[in-house]
Amino acid sequence: MRPAPLLCVLLTLSGLARAQAEGQETPSDRVGATASILLKAGQVAGADRLFLGGWGGLVFGERYVLGGGGLALTENVDLPGSELSTGFDLGAGYGGLFFRYWEEVLPRVVGEAGLIVGAGHAEVRNRLAKREEGSDNFFVMEPEASLFLAVLPYLHVGISGGYRMVWGVEDLPLVSADDLRSLSGSFSLRLTTR
C-alpha cells in the first residue's frame, strides 16, 4: 500500500473516532434517577413523633434533583379529651415536590440543600366513638440541609436537619398550624444512578 492512501485511511479513521467521542454524552449531560426512604423526627402537637416516607426523582447535571414523595406519622398523637379519658387522636401526613442540590464536599461525602413544597392532611378522631371530629388540608414547606456518606457508589446514607412550616389549618378541633410546625431531623437511605 502506498503512503498517501494509508495516510488518508488513518486520517479518516481518526476523524470518525473524534466525531464519535464528541457526540457522546458527558456525565453532566446525562439524566439519572434517585430514590430515598427516610425516617423523620419532629414534634406534632407537643409530642415527639416519627414520620416514615420516601421520595423519588430525576437527577440533572449530576447535582440538581426534582422529584416527589411524601411522609406520614407512624403513630397518632394523643390530644386532651373529656373527663373519662376518652381523648382524641391526631393523624397527619404531607408530601409534594422535592427539590435538591448536592455537591461533594469531601471524598465520599456529599452536602445537600433541599426543599419540600406541597400539601398535607390532618384529622382528629374521637377515640371512644371512633368517629372523625374534623379534618383539614394545609400547605407545607420544609427546607433542609443534609450530609450523605457514599457507602457504595450508588448507596448513600445521610442525616438531615430542617424546619417544617405549615399554613392553612383552620378546621381541626384542638389543633392549630403551630401544632404542626417543627424542627425536624431525619435519617435516609438513598439509591442513585449518578
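It should be emphasised that the depicted structure is a prediction, and the values quoted were computed from it without experimental measurement.

A. Summary view of the overall build of the chain. Secondary structure summary: the chain contains 1 helix and 9 strands in total. Order of helices (α) and strands (β) in the chain, N terminus to C terminus: α-β-β-β-β-β-β-β-β-β. For the chain, contacts bridging at least 24 residues in sequence account for 58% of all contacts bridging at least 6. On the chain, roughly 11,100 Å² of surface is accessible, and the fraction owed to carbon and sulfur atoms is 63%.

B. Main features of the packing of aromatic side chains. The full count for this structure, using the stated rule, is 4 aromatic pairs. Each ring, one from W55 and one from F98, has its centre 5.6 Å from the other, and the planes form 20°; the classification is stacked. On the criterion of sequence distance, the pair formed by W55 in strand β2 (residues 47–60) and F98 in strand β5 (residues 88–106) is long-range, its members being 43 residues apart. Of the two residues, W55 and F98, neither departs from the other in class, the shared state being buried. Residues Y64 and Y101 carry aromatic rings whose centres are separated by 5.2 Å and whose planes lie at 50° to one another, so their mutual orientation is tilted. Here Y64 is found in strand β3 (residues 64–73), whereas its partner Y101 is found in strand β5, with 37 residues between them in sequence. Overall, the relative accessible area of 31% leaves Y101 in the partly exposed class. In this structure, R100 is placed above the aromatic ring of W55, and the distance from its NZ or CZ to the ring centre is 5.2 Å. When the ring centre of F148 is taken as reference, the NZ or CZ atom of R190 above it lies at 3.8 Å.

C. Structural context of empty space enclosed by the protein. Considering all chains together, one arrives at 2 cavities of 30 Å³ or more under this definition. Taken as a whole, the largest cavity spans an internal volume of roughly 70 Å³. For the lining of the largest cavity, the elements supplying multiple residues, two or more each, are β1 (31–44), β7 (131–152) and β9 (182–192). Of the residues in the lining of the largest cavity, the class split is 3 nonpolar, 5 polar and 4 charged. Taken as a whole, the second largest cavity holds about 50 Å³ of empty space. What lines the second largest cavity is simply V44, F51, A92, G93, Y94, F138, V140, R164, V166 and L180. Elements supplying a minimum of two residues to the lining of the second largest cavity: β5, β7 and β8 (155–167).

D. Local environment of the pattern of salt bridges. Counting across every chain of the model gives 11 salt bridges. A salt bridge links E144 to K40; the nearest nitrogen and oxygen atoms lie 2.3 Å apart. Of this pair, E144 sits in strand β7 while K40 sits in strand β1, and the two are 104 residues apart along the sequence. Accessibility classification places E144 together with K40 in one group, the buried group.

E. Representation of the nonpolar core. Membership of the largest hydrophobic core comes to 30 residues, with the highest contact counts inside it found for L90, F138 and L180. Listed by contribution, the elements that provide at least two residues to this core are β1, β2, β3, β4 (77–79), β5, β6 (109–126) and β7. The greatest single-element share of this core, amounting to 6 residues, is contributed by β5.

Procedures and definitions
Residues numbered from 1 in each chain as written. Predicted model: local features only at pLDDT ≥ 70, side-chain atom pairs only at ≥ 80, totals over all residues. Heavy atoms only, no water. Helix = DSSP H or I, 4+ residues; strand = E, 2+ residues; numbered from the N terminus. Contact = heavy atoms within 4.5 Å. Areas by Shrake-Rupley, 256 points an atom, 1.4 Å probe, with all protein chains shown as cover. Phe/Tyr/Trp six-rings, centres within 6.5 Å; stacked < 30°, edge-to-face > 60°. Buried < 20%, exposed > 50% of the residue type's maximum accessible area, 1.4 Å probe, protein only. Lys NZ or Arg CZ within 6 Å of the ring centre and 35° of its normal. 1 Å grid on protein atoms, 1.4 Å probe; cavity = no way out; pocket = protein on both sides within 12 Å on 5 of 7 lines; lining within 4 Å. Points joined across faces, edges and corners; volume = space filled by probe spheres on them. Nonpolar A, V, L, I, M, F, W, Y, C, P; charged D, E, K, R; others polar. Salt bridge = Lys/Arg side-chain N within 4 Å of Asp/Glu carboxyl O. Core = buried A, V, L, I, M, F, W, Y, C linked by side-chain atoms within 4.5 Å.

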